[in-house]
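# An overview of the molecular structure
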Amino acid sequence: MTVQTPIQGDIQTQIIDAFKFRHATKVFDPERKLSDAEIETILEAGNLSPTSFGHDPFRILMIQSPEKRELFREFSWGANGMMSGTTGQLGTASHFGIILASTGALMTAGSEYLQNHYRTVKQLPDEVIEMFNGAYGQFQSKDHHITSDREITDWSGKQAYIVLANMMTAAALMGIDSCPMEGFDMDLTTKTLADHFDIDTTKWKPAVMFAFGHRAAEPAFAKTRRSVEDTVTWY
Ligand SMILES: Cc1cc2nc3c(=O)[nH]c(=O)nc-3n(C[C@H](O)[C@H](O)[C@H](O)COP(=O)(O)O)c2cc1C
């Protein structure tokens, strides 16, 4: 297959062409691997994503070992190529991974984890940390009512989806295909991460899976969307 690159013309055209190029790829060409530089760029783009309060409530697991990938197959219908009758994204992607979302154990206002994050990652002085604790505490308890472990994990998951969106856009701009996937059993995926990946699932829960590589064939269906007139309202 010839290498496709959406990068042509002016910046507006390049951006829209990249978004049109991206589709949820079910089957990748197993012979075409991403270079180290390409996957590093994708991961760096994800890592540079904005997160609420700058809490970075996500982790990215890269799962390259075929044996490790197979652990998810039975209960990950969305990573199985769906109706394509192939080994799907799990079996063919150059790079496959899972983004984890931080639970309430880490992301509750005032947690030890956050104090450490403010000090060591954000390098904030004590008085600003106090401010953050107060503001984030109010945000959780009063503004957004994010107090249960489930609500906090879902909030972290929202940030994880921004990370993935940026990774997919970065990939598309380089002519690299991708697939976001949430077609998996949450409980069994969580258990697999605990049993086989040494993940403390009281602190980290799966949010979304992803795959990168190069399409094995052109998309089976044309891209359809509601019109911009329908989705956007101007005042
Ligand atoms: C959060 C999310 C989860 C998705 N889960 C799956 C999935 O498990 N398996 C899959 O093949 N596609 C999955 N998709 C792809 C969508 O079905 C696809 O993006 C949509 O139908 C539009 O098609 P397009 O992306 O090719 O334009 C997912 C998309 C998103 C955004």
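These lines cover the structure that appears in this document, whether it is placed above or below. Values in this document were obtained by computation on a predicted structure and should not be read as measured data. (Residues numbered from 1 in each chain as written. Predicted model: local features only at pLDDT ≥ 70, side-chain atom pairs only at ≥ 80, totals over all residues. Heavy atoms only, no water.)

## Looking at the packing of aromatic side chains
- Per the stated rule, a full pass over the model turns up 11 aromatic pairs.
- Centroid distance phenylalanine 53 to tyrosine 136: 5.1 Å. Interplanar angle 65 degrees. Geometry classified as edge-to-face. Taken as a pair, phenylalanine 53 in the loop between helix H2 (36-47) and strand E1 (58-62) and tyrosine 136 in helix H7 (residues 126-143) lie far apart in primary sequence, 83 residues in all.
- A relative accessible area of 1% means that tyrosine 136 is categorised as buried.
- Centre to centre, the rings of phenylalanine 210 and phenylalanine 212 are 5.5 Å apart; their planes meet at 50 degrees, and the pair counts as tilted. Just as phenylalanine 210 is buried, phenylalanine 212 falls in that class too.
- Taken together, the aromatic side chains of Phe53, Tyr118, Phe132, Tyr136, Phe139 and Trp155 make up a single cluster linked through ring pairs.
- The side chain of arginine 59 reaches across the aromatic face of tryptophan 204, ending 5.4 Å from its centre.
- Positioned above the aromatic ring of phenylalanine 21, the side-chain terminus of arginine 215 is 4.3 Å from the ring centre. (Phe/Tyr/Trp six-rings, centres within 6.5 Å; stacked < 30°, edge-to-face > 60°. Helix = DSSP H or I, 4+ residues; strand = E, 2+ residues; numbered from the N terminus. Buried < 20%, exposed > 50% of the residue type's maximum accessible area, 1.4 Å probe, protein only. Lys NZ or Arg CZ within 6 Å of the ring centre and 35° of its normal.)

## Focus on the site of the ligand
- Around the ligand sit 15 residues, and of these Arg22, Ala24, Lys26, Gly78 and Lys223 come closest.
- The contact in question runs from an oxygen atom of the ligand to an N or O atom on the side chain of lysine 26, over 2.8 Å.
- Glutamate 182 has a polar backbone atom sitting 3.0 Å from a nitrogen atom of the ligand.
- When the ligand sits alone it has 620 Å² of accessible area, and the protein chains cover 67% of it.
- Counted by class, the shell around the ligand contains six nonpolar, four polar and five charged residues. (Near = heavy atom within 4 Å. Polar contact = N/O pair within 3.5 Å; in protein donor to acceptor, adjacent residues only side chain to side chain. Areas by Shrake-Rupley, 256 points an atom, 1.4 Å probe, with all protein chains shown as cover. Nonpolar A, V, L, I, M, F, W, Y, C, P; charged D, E, K, R; others polar.)

## Thoughts on the nonpolar core
- Residues Phe72, Leu193 and Met209 are the most contacted members of the largest nonpolar core, which totals 21 residues.
- Of all the secondary-structure elements, those providing two or more residues to this core are strand E2 (95-102), strand E3 (177-181) and strand E4 (204-213).
- Listed in part, the 17 residues of the second largest apolar core include Ile39, Ala101, Val163 and Met167. (Core = buried A, V, L, I, M, F, W, Y, C linked by side-chain atoms within 4.5 Å.)

## Focus on the sheet that holds E3
- If you walk across this open sheet you meet the four strands as E1-E2-E4-E3, and the pairing is antiparallel. The open sheet terminates on both sides in strands that have one partner only, identified here as E1 and E3. The sheet shows a mean angle of 25 degrees between the axes of neighbouring strands, taken without regard to direction.
- With five bridges connecting them, E1 and E2 associate as antiparallel partners. Paired with leucine 61 across the bridge in E2 is isoleucine 98.
- Packing against the sheet, H2 makes contact with E1, E2 and E4, and its axis sits at approximately 165 degrees to E1.
- In this fold helix H8 (residues 149-173) packs onto E1, E2, E3 and E4, with an angle of close to 10 degrees to the strand it touches most, E4. (Pairing = 2+ DSSP bridges. Axes fitted to C-alpha atoms, helices over the stretch in contact; angles between N-to-C directions. Contact = heavy atoms within 4.5 Å.)

## Describing the packing of helix H6 (residues 112-121) against H7
- Put simply, H6 and H7 touch, their axes get as near as 10 Å, and they point 135 degrees apart. Here H6 is positioned oblique relative to H7, judged by the angle of their axes. Handedness of the crossing formed by H6 with H7: right-handed. On H7, the residues touching Leu114, Gln115, Tyr118 and Arg119 of H6 are Ile129, Phe132, Asn133 and Tyr136.
- Partitioned by chemical class, the residues of the contact of H6 with H7 number five nonpolar, two polar and one charged. (Parallel < 35°, antiparallel > 145°, perpendicular 65-115°, else oblique. Left-handed = near helix turned anticlockwise from the far one by under 90°.)

These figures come from the coordinates and say nothing about function on their own.
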